[in-house]
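Reading the structure
Listed here are the chains, written in short residue letters.
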Amino acid sequence: MNDDDLKYLISGKEFKSFNDYNGYQWCPRCRAKLEIGEMDESIRPHCPACGFIYYQNPAPAAGAIIIRDNKILMVERSISPGKGDWCIPAGFTEWNEHPQQTAVRELKEETGLEISITSMFDVFMGMDDPRTHAVLILYHADVTGGELIAGDDASDARYFSFDNLPSNIAFQAHRDALALYRKRFLET
Ligand SMILES: [Zn+2]
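This write-up is about the structure you can find in this document. Please read these numbers as outputs of a predicted model, since none were measured by experiment. (Residues numbered from 1 in each chain as written. Predicted model: local features only at pLDDT ≥ 70, side-chain atom pairs only at ≥ 80, totals over all residues. Heavy atoms only, no water.)

**Focus: the sheet that holds strand β9 (residues 134-146)**
The strand order β7-β3-β9-β8 describes an open sheet built from four strands, whose pairing is mixed. Looking at strand neighbours, the two that pair on one side only are β7 (90-92) and β8 (113-126), the edges of this open sheet. Adjacent strand axes in the sheet meet at a mean angle of 25°, parallel and antiparallel pairs treated alike. Here strand β3 (residues 59-65) runs beside β9; their pairing, made up of seven bridges, is parallel. Along β9, the bridge assignment pairs Ala59 with Ala134. Sheet contacts for helix α2 (residues 99-111): β3, β7, β8 and β9; angle to β8, the most-contacted strand, approximately 115°. Running at roughly 105° to β8, helix α3 (residues 172-186) makes contact with β3, β7, β8 and β9 of the sheet. (Pairing = 2+ DSSP bridges. Helix = DSSP H or I, 4+ residues; strand = E, 2+ residues; numbered from the N terminus. Axes fitted to C-alpha atoms, helices over the stretch in contact; angles between N-to-C directions. Contact = heavy atoms within 4.5 Å.)

As C-alpha cells, then:
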C-alpha cells in the first residue's frame, strides 16, 4: 500500500472520534486539563502538570474464518454499532489474551462453537467503528465441538454461500476480509 492509498483509505472512513481523542479533556492521572499539541512528533493530548501523554492507538481484535460446505460462518449483531448487520465472528482482545485466544473465546461466546486455529488469514484495519479504530486479526480455524447457537452480542449465526452473502455487513474491515477471501481462495 502506498501513502496515497493510505490517505484515501483514512479520509474515506474517518469518523469524528478519529481526531477528537475520544473527547478526553482531563488527565486520568492527576485531573489537570489536558493540552493538545505536538509531542513525540505527533499531535497528542498531554498533561502539563504531570507529563502524562495520551497515545491513541487502534485496539486489537481477532476472529475466525469458519468454512463448511463452501459457506462462511457469520453472525448477526444484536448490539450497536451495526445492530442487525452481519459480520465475521470476532471481538476485541482482552488485556491478558493472545489474539488466538480472543478468536477461540469469541467464537464460543457468539456461536457456541469450539474451534481450533489452523493458520493465519490476514490483518485488516478497521476505521469505521465509532468506538475505536481496530486492527482486526483473522485466522482460519476448524470446528472441533459445540453446537451452533447465537449468543453474547449475536442474535443469529449462520453459514452463508459467498454468492449469497448478506447485503448488510457491519464493518468495512469485514467487507475487505470477505473480498480478500474470495480473491485468494475462490477465484481461479
Ligand atoms: Zn496529569
